[in-house]
Amino acid sequence: MDVTRFRHDLQQKGVTLVAVSKTQPLDRIRQLYDGGQRIFAENRVQDMVARRENLPADIIWHHIGHLQKNKVKYIAPFVDMIHAVDDAELLFEIEKQAAKNNRIIKCLLQFHIASEETKFGMDLNEAAIMLKNLDRAALPHVEICGVMGMATFTDDQTLIRKEFVTLKSIFETLKKQFFAGDHGFKEISMGMSGDWEMAVEEGSTMVRIGSLLFQ
Ligand SMILES: *Cc1c(COP(=O)(O)O)cnc(C)c1O
C-alpha cells in the first residue's frame, strides 16, 4: 500500500486520512510518518499516551472509540480531536480538562447508524435534545466539528451505503438546525478499511483506516 499516494488521492477529494495505529508496532507507525502521514488515531488512552512519548512530537492525535470521562484528563494536554462524543456529560468533562490546559479540543458527535446492537452513539432525536439543552457558550474550549459513525460489519453493500447516507443526512439536519453559519461544523467521519470507498462516495470528509494502511 502506497500510503502517501493514497493520502494525496483522498486529499484531492477533500477527504482527510486518519491512520488508525491501534495495535500496530511503533516502527510501522514511524514508516507512515516518514511518508508524510501526520494524523494518527488510537482507541485506548494508555496506548495513546505511551506512543506519543515515543514518536515525533508533531503527530496529531485523534481519539476514536468510546472514551470514559475519567480518562479525558490524560489526553487533554495534547489530543487534537475526539471522535466519539455521545453525551453532554462527556462534553462538559472535555471542556473542563481542555480549559485546564488552556486548549480547544475538537469533538465529533457519534451516531449509532449500524443495525448491530451497541450501547454507543446517539440517534438524531437524542442529539437534537442534547444540542437544544446545551449552553454552547459554556463550552469555550470545545469545538463541535461534525459527526462520526460506524457502519454495520457486513457484506451487504446496500445496507452499508444506506447507513452512510443516514449519517450524511443527520449531519445536514444538525448543520441546518444548530450549526448554520458555523464553518467549523464540517466533518463527517465515516469509512474504514473495508468500506472507505463507499463512505467517500456518500460524503465522508474523514476516513479512519487501520488494517489496510498497515498491510
Ligand atoms: C479500529 C477502528 C477503525 C479502523 O478499522 P480498520 O478496519 O482497521 O480500518 C476505525 N474506526 C474505529 C472507531 C475503530 O475502532
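1. A few points about the overall build of the chain
Okay, so step 1: A tally of helices and strands in the chain yields 8 helices and 8 strands.
Okay, so step 2: Taking 215 residues into account, the globule formula puts the C-alpha radius of gyration at 17 Å, and the chain, at 17 Å, falls close to it.
Okay, so step 3: Seen through its principal axes, the chain has C-alpha atoms that stretch 45 × 45 × 35 Å.
Okay, so step 4: Across the 215 residues in the chain, those meeting the buried criterion constitute 50%.
Okay, so step 5: Of the roughly 10600 Å² of accessible surface on the chain, a fraction of 49% belongs to carbon and sulfur atoms.

2. Here we look at the site of the ligand
Okay, so step 1: Taken together, the residues surrounding the ligand are Val20, Lys22, Ile64, Met148, Met150, Met192, Ser193, Arg208, Ile209, Gly210 and Ser211.
Okay, so step 2: Measuring from an oxygen atom of the ligand, one finds a side-chain N or O atom of lysine 22 at 2.7 Å.
Okay, so step 3: The backbone of serine 211 places a nitrogen or oxygen atom 2.8 Å from an oxygen atom of the ligand.
Okay, so step 4: Assessed atom by atom at 2 Å from the grid points, the ligand resides in the largest pocket.
Okay, so step 5: For the shell around the ligand, the residue count by class is 6 nonpolar, 3 polar and 2 charged.

3. Comments concerning the nonpolar core
Within soluble globular proteins, side chains that are nonpolar generally end up buried alongside one another.
Okay, so step 1: If you look at the biggest cluster of nonpolar residues, it comprises 62 residues, and the most contacted ones within it are Phe111 and Leu174.
Okay, so step 2: With residues up to four places along the chain from it excluded, the contact list for phenylalanine 111 reads Gly121, Met122, Asp123, Leu124, Ala127, Val147, Met148, Gly149, Met150, Leu167, Ile170 and Leu174.
Okay, so step 3: Of all hydrophobic cores here, the second largest spans 10 residues; its members include Val18, Val20, Ile39 and Leu108.

4. Some words on unusual backbone geometry
Okay, so step 1: In this model, threonine 23 sits at a positive phi of 70 degrees, which is unusual for a non-glycine residue.
Okay, so step 2: Considering the arrangement of structural elements, one finds threonine 23 in the loop between strand 1 (16-20) and helix 2 (26-34).
Okay, so step 3: Its identity is not glycine, yet asparagine 102 carries a phi of approximately 55 degrees, on the positive side.
Okay, so step 4: Within the secondary structure layout, asparagine 102 lies in the loop between helix 5 (88-100) and strand 5 (105-111).
Okay, so step 5: The exposure class assigned to asparagine 102 is exposed, which follows from its relative accessible area of 67%.

Cut-offs applied
- Residues numbered from 1 in each chain as written.
- Predicted model: local features only at pLDDT ≥ 70, side-chain atom pairs only at ≥ 80, totals over all residues.
- Heavy atoms only, no water.
- Helix = DSSP H or I, 4+ residues; strand = E, 2+ residues; numbered from the N terminus.
- Rg over C-alpha atoms; globule rule 2.2 N^0.38 Å.
- Buried < 20%, exposed > 50% of the residue type's maximum accessible area, 1.4 Å probe, protein only.
- Areas by Shrake-Rupley, 256 points an atom, 1.4 Å probe, with all protein chains shown as cover.
- Near = heavy atom within 4 Å.
- Polar contact = N/O pair within 3.5 Å; in protein donor to acceptor, adjacent residues only side chain to side chain.
- 1 Å grid on protein atoms, 1.4 Å probe; cavity = no way out; pocket = protein on both sides within 12 Å on 5 of 7 lines; lining within 4 Å.
- Sits in = over half its atoms within 2 Å of the grid points.
- Nonpolar A, V, L, I, M, F, W, Y, C, P; charged D, E, K, R; others polar.
- Core = buried A, V, L, I, M, F, W, Y, C linked by side-chain atoms within 4.5 Å.
- Contact = heavy atoms within 4.5 Å.

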